[in-house]
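# A closer look at the structure
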Amino acid sequence: MSTDAETRESDLCVSRVPLFQGLSYEEQLDVAGVAQPTKKSRSESLYTTGSSISQLMVVHTGYVKISRTTADGHEQIIRVLGPGDFIGESAFLTGARPDHSATALEPAELCVFRHRDLGKLVAKHPSIALRMLQGVSQRLQQAENRLEAVISGDVSSRLADYLLDLPAQRADDGNLIVRLPLAKKDIASLLDTSPESLSRQLRSLTEAGIISQTPKMVTFLDLDRLLALSKQN
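Residues numbered from 1 in each chain as written. Predicted model: local features only at pLDDT ≥ 70, side-chain atom pairs only at ≥ 80, totals over all residues. Heavy atoms only, no water.

What follows covers the packing of helix α6 (residues 155–165) against helix α8 (residues 195–207). Orientation of α6 relative to α8, taken along the N-to-C sense of each, is 75 degrees, at an axis distance of 10 Å. Our classification of the angle between α6 and α8 gives roughly perpendicular. Contact residues: Val155, Ser156, Leu159 and Leu163 in α6; Ser197, Leu198, Gln201, Leu202 and Leu205 in α8. Residues belonging to the contact of α6 with α8 are distributed by class as follows: 6 nonpolar, 3 polar and no charged. (Axes fitted to C-alpha atoms, helices over the stretch in contact; angles between N-to-C directions. Helix = DSSP H or I, 4+ residues; strand = E, 2+ residues; numbered from the N terminus. Parallel < 35°, antiparallel > 145°, perpendicular 65-115°, else oblique. Contact = heavy atoms within 4.5 Å. Nonpolar A, V, L, I, M, F, W, Y, C, P; charged D, E, K, R; others polar.)

Evaluated as defined, the whole model comprises 8 salt bridges. Between arginine 179 and glutamate 106 there is a salt bridge whose closest N-O contact spans 3.3 Å. Taken together, the positions of arginine 179 in strand β10 (residues 176–179) and glutamate 106 in the loop between β7 (101–104) and β8 (108–114) put the pair 73 residues apart, joining distant regions of the chain. Linking aspartate 186 and lysine 185 is a salt bridge whose minimum nitrogen-to-oxygen distance equals 3.2 Å. Taking the relative accessible area as the measure of exposure, aspartate 186 reaches 12% and is therefore buried. (Salt bridge = Lys/Arg side-chain N within 4 Å of Asp/Glu carboxyl O. Buried < 20%, exposed > 50% of the residue type's maximum accessible area, 1.4 Å probe, protein only.)

Moving on to the confidence of the model for the protein. Low-confidence regions, as indicated by low pLDDT, have predicted coordinates that should not be scrutinised in detail. Per-residue pLDDT for the protein has a mean of 84; in total, 90% of the residues score no lower than 70. The low-confidence segment residues 1–11 (pLDDT under 50) makes 17 contacts with residues lying over four places distant or belonging to another chain. (pLDDT = per-residue confidence, 0-100.)

A few words now on the sheet that holds strand β12 (residues 217–220). Reading across from one edge, β9-β10-β12-β11 is the order of the 4 strands in this open sheet, with antiparallel pairing throughout. Looking at the sheet topology across the chains shown, the edges are occupied by β9 (168–170) and β11 (211–213). Taking the axes of each pair of neighbouring strands and ignoring which way they run, one obtains an average angle of 25 degrees across the sheet. (Pairing = 2+ DSSP bridges.)

Next comes the structure, spelled out in structure tokens:
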């Protein structure tokens, strides 16, 4: 049974997750009551390819990378999960084992739901299932957009999409700032390009006055021009 402190921690997680935002506060408390707060250290594995997963994992704080190993042994990063994102819904919906692995990029806190508990919640609150399917559909659309950009060879649009999808904060001067959760070599892997090509694109955006950058931060100096490069506009 969860302690009161654990329930409060889970409640914070539940309240910020789009999956559960269609519920009332009382219903969110009901959901929080079956969540299991879990902490992962940097580089700790959540699961590996082929694992038997019977849990839905929701990121509360930190970042988690989803990756596959290619035939030649290289890691291919598929996507990065941040606060509010979730993984494990495919196993819940189909029973299939994952063809990827999940690893914490930094110390992370998650809310974990056993599938049997999640099934009861879905039966009690059908909006959870609808939002889960909406999330899966959105992910498929993003995958299609990414594939289109890869086929077209347009690295600049993939980079613009990636930067615009990151959580942004408003700086004192009014510009938006995003933190890069990955090393640049890993961002290159995620965008299906080479580290050299990524560096050229970042340098080009910087020289054009569209962004400024530090090793871990990017500031949007000209949001309109960045949006113009994106496939999202």
